Amino acid sequence: FPSHDRSQEKHASSIVANEDNTRDLKKTLTSVDKEEQERQKSISEIEFERLVHDYGKIVADADYNTTFEFTNTGKKPLLIYDVKTSCGCTVPTWNKNPIPAGAKERIQVTFHPKAHQLGEEVKTVTVLSNTNPGMTVLQIKAEVSPPKIK
């Protein structure tokens with residue numbers, strides 16, 4: 001066995017609190033705290049009429065549309081930063097402009113199951129916004145049958 005020279009090992013160094021690094025840490029924490037206070041000032045609220053849409057029994061290789069309606073129930077403009085889906089077969093469209101307090105809006109979702117996506121399908125639509133929490137997960141479901149042969 002090769003000999004092991006422990007003198008070459010690197011040891012983790014510890015940081016000892018001193019006036020300089022304590023002052024730097026307090027500055028950083030103060031800065032982070034100010035950013036969080038600013039973020040909290042722009043937080044809004046979102047309320048969806050429903051979180052799940054069940055298409056029921058559908059046939060593969062066709063478009064199916066649904067709309068998730070919501071209201072900005074906060075006092076600040078609502079910003080939808082992004083809407084992500086769990087599959088390329090699900091495509092959302094939404095208003096990318098600020099939504100005023102009290103206003104209603106919608107996210108339209110088109111689901112196009114492929115011929116190999118048969119049986120029970122469940123997909124998620126994740127809405128990222130200036131709310132707390134900053135993410136709302138919507139869901140679409142369907143029982144997909146093979147396309148009809150012409």
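Below or above, wherever it landed, is the structure these notes cover. What you see is a predicted model; the values in this text were computed from it and never measured. (Residues numbered from 1 in each chain as written. Predicted model: local features only at pLDDT ≥ 70, side-chain atom pairs only at ≥ 80, totals over all residues. Heavy atoms only, no water.)

A word on the environment of glycine 134. Here glycine 134 lies in the loop between strand 7 (119–129) and strand 8 (135–145). Residue glycine 134 is classed as partly exposed on the basis of its relative accessible area, which comes to 30%. Residues glycine 134 and isoleucine 43, spaced 91 residues apart in sequence, show a C-alpha to C-alpha distance of 9.0 Å. Dropping the residues within four chain positions of it, glycine 134 is found in contact with Val127, Leu128 and Ser129. (Helix = DSSP H or I, 4+ residues; strand = E, 2+ residues; numbered from the N terminus. Buried < 20%, exposed > 50% of the residue type's maximum accessible area, 1.4 Å probe, protein only. Contact = heavy atoms within 4.5 Å.)

This model, assessed by the stated rule, comprises three salt bridges. In this structure, the salt-bridge partner of aspartate 82 is lysine 84, at a minimum N-O distance of 3.1 Å. We classify lysine 84 as partly exposed; its relative accessible area is 44%. Measuring nitrogen to oxygen at the nearest pair gives 2.9 Å for the salt bridge that ties glutamate 121 to lysine 123. Like glutamate 121, the residue lysine 123 is buried in the burial classification. (Salt bridge = Lys/Arg side-chain N within 4 Å of Asp/Glu carboxyl O.)

With that settled, the discussion passes to the sheet that holds strand 2 (residues 52–59). With respect to topology, four strands assemble into an open sheet ordered 2-8-7-4, the strand pairing being mixed. Among the strands making up the open sheet, the edge pair consists of strand 2 and strand 4 (80–85). For this sheet, the mean angle separating the axes of adjacent strands, direction not counted, is 20 degrees. (Pairing = 2+ DSSP bridges. Axes fitted to C-alpha atoms, helices over the stretch in contact; angles between N-to-C directions.)

What follows concerns the packing of aromatic side chains. Following the criterion strictly, the structure yields three aromatic pairs and no others. Arranged with centres 5.2 Å apart and planes meeting at 50 degrees, the rings of phenylalanine 48 and phenylalanine 70 form a pair that is tilted. With phenylalanine 48 in strand 1 (residues 46–48) and phenylalanine 70 in strand 3 (residues 64–72), the pair connects residues that are 22 residues apart, well separated along the chain. A residue is classified by how much of its surface remains accessible, and phenylalanine 48, at 12% relative accessible area, is buried. Grouping aromatic residues by their ring pairs yields a cluster made of Tyr55, Tyr64 and Phe111. The positively charged end of arginine 50 is found above the aromatic ring belonging to phenylalanine 68, 4.8 Å away from the centroid. The side chain of lysine 96 reaches across the aromatic face of tryptophan 94, ending 3.9 Å from its centre. (Phe/Tyr/Trp six-rings, centres within 6.5 Å; stacked < 30°, edge-to-face > 60°. Lys NZ or Arg CZ within 6 Å of the ring centre and 35° of its normal.)

Let us now look at the nonpolar core. Membership of the largest hydrophobic core comes to 24 residues, with the highest contact counts inside it found for Phe48, Phe70, Ile80 and Ile107. Taken together, the elements giving at least two residues each to this core come down to strand 1, strand 2, strand 3, strand 4, strand 6 (104–111), strand 7 and strand 8. In contact with isoleucine 107, other than residues within four places in its own chain, are Phe48, Thr66, Thr67, Phe68, Phe70, Val83, Pro92, Thr93, Trp94 and Val127. (Core = buried A, V, L, I, M, F, W, Y, C linked by side-chain atoms within 4.5 Å.)

Now for the sheet that holds strand 3. Note on sheets: strands pair through backbone hydrogen bonds, and any given pair is parallel or antiparallel. If you walk across this open sheet you meet the four strands as 1-3-6-5, and the pairing is antiparallel. Every other strand in the sheet has two partners, leaving strand 1 and strand 5 (90–94) as the edge strands with one partner each. Going from strand to strand, the sheet's axes swing by 30 degrees on average, the running direction of each strand aside. As paired elements, strand 5 and strand 6 share five bridges and run antiparallel to each other. In the strand pairing of strand 6, threonine 93 is matched with glutamine 108.

Turning our attention to a negative patch on the surface. A surface patch of like charges, here negative, comprises Glu45, Glu47, Glu49 and Glu69. By the secondary structure assignment, glutamate 69 is in strand 3. Classification of glutamate 69 by relative accessible area gives partly exposed; the value is 31%. (Patch = residues over 30% accessible without salt bridge, like charges linked within 9 Å, V, L, I, M, F, W, Y side chains within 5 Å. Areas by Shrake-Rupley, 256 points an atom, 1.4 Å probe, with all protein chains shown as cover. Lys, Arg positive; Asp, Glu negative; His and termini not counted. Charge placed at Lys NZ, Arg CZ, Asp CG, Glu CD.)

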